[in-house]
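One letter stands for each residue in the lines below.
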Amino acid sequence: MRKYSQLKTKVIAGPCALESKEQLDDTVKSLKELGVEYVRASLWKPRTAPGWEGYCFYGLPMLFEGTLPQDMIPCTEILTQIHAQMVIDSFKLCRIKNPKALVWNGSRNQNHFMLRMMAEVLSKGPPELEFMFKNQLWLDQKHWYGMYQHITEAGFPKERLISCHRGFNPGYGENPRKLRNIPEFKMAMEMKEKMGIRMFLDPSHIGGERQKVLEIIEESLEYDFDGYIIEVHPNVDNALTDIAQQLTFAQLEQVLKMIQAKETKK
Ligand code: PEP
Ligand code: MN
């Protein structure tokens, strides 16, 4: 059995953005050794400031061929319903029946209408496709719940729907720890209860720096998160995006150990 494959808490891990085939191969190899099956690799990369914008649709075959034949689960961000359709069409072209895959919608590029259209397209996708939506940038519980309502009304099933807390933009408010985004763990738990779906945490975009990412994960263990999406990079000092916050694989193992300790204490 692979090291941490028995964990109940799901961990999605991998680079902020897909950068090359070598980077993907190295990531998959390390994740396999750790027993993590969900491979994060963003193809479309919305950025705060221009830079590496991602492989876009051109990276779809690279991502799927590098993960699916090895029983790994590719995970990538989508920004529009056209991206959703491209992901679904690529499965057909790869001749993979009912692939396991996960797509998510980030915070920085989000609105209810777009989300609803994405959900409509995804609801006609393969039966094992999971969809994760992150909370919006600003603190507003009603807006967050509205996203859930739009997605489920559009026909995407709750069993395959996940929400993800990635903190709220600090704006000019207090931020003594200088976090990239401010977590509201209790609110996330309330939302989990209210929506009745799984709630993941994105500590990478909350912490913003490696050490803080680890601290946020440790603090979150008091709460009942069903999973994590964590940025990890095989060559952290040369990452093309989010260079300060991507963990090393040794640090990811530290995280998996912490989660394991929590689960065995229960
Ligand atoms: C991401 O997951 O890569 C990302 C940018 O997330 P967010 O839009 O939530 O900041
Ligand atoms: Mn990132």
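Source: prediction; values computed, not measured.

Rules and cut-offs
- Residues numbered from 1 in each chain as written.
- Chains lettered and ligands numbered in written order.
- Predicted model: local features only at pLDDT ≥ 70, side-chain atom pairs only at ≥ 80, totals over all residues.
- Heavy atoms only, no water.
- Buried < 20%, exposed > 50% of the residue type's maximum accessible area, 1.4 Å probe, protein only.
- Helix = DSSP H or I, 4+ residues; strand = E, 2+ residues; numbered from the N terminus.
- Pairing = 2+ DSSP bridges.
- Phe/Tyr/Trp six-rings, centres within 6.5 Å; stacked < 30°, edge-to-face > 60°.
- Lys NZ or Arg CZ within 6 Å of the ring centre and 35° of its normal.
- Core = buried A, V, L, I, M, F, W, Y, C linked by side-chain atoms within 4.5 Å.
- Contact = heavy atoms within 4.5 Å.

**Q** Before we move on, can you summarise the pairing of strand β1 (residues 10-14) with the specific residues and values?
**A** Of all 5 residues in β1, 4 are buried, a share of seventy percent or more. Inspection of the sheet shows β1 paired to strand β2 (residues 38-40) by 2 bridges, in the parallel sense. Each bridged residue has a counterpart across the sheet, and for Ile12 the counterpart in β2 is Tyr38.

**Q** Any details on the packing of aromatic side chains? Residues and values, ideally.
**A** One pass over the structure, following the stated rule, counts 8 aromatic pairs. Between Phe185 and Phe225 the ring centres are 6.0 Å apart and the planes differ by 75°, which places this aromatic pair in the edge-to-face class. In this pair, Phe185 is assigned in helix α6 (residues 185-195) and Phe225 in the loop between α8 (210-220) and β8 (227-231), connecting sequence segments 40 residues apart. Residues Phe185 and Phe225 agree in their burial class; the two are buried. One cation-aromatic arrangement involves Lys194 over Tyr145; the distance from NZ or CZ to the ring centre is 4.1 Å.

**Q** Go over the nonpolar core with me, naming the residues and quoting the values.
**A** Counting residues in each nonpolar core, the largest one holds 71 residues, and the members touching the most others are Leu122, Phe131, Phe133, Trp144, Met195, Ile230 and Leu252. Discounting chain neighbours no more than four positions away, the residues touching Met195 are Phe133, Trp144, Tyr145, Tyr148, Lys158 and Ser163. Judged by nonpolar contacts, the second largest core, of 11 residues, contains Ile12, Cys75, Leu102 and Ile162.

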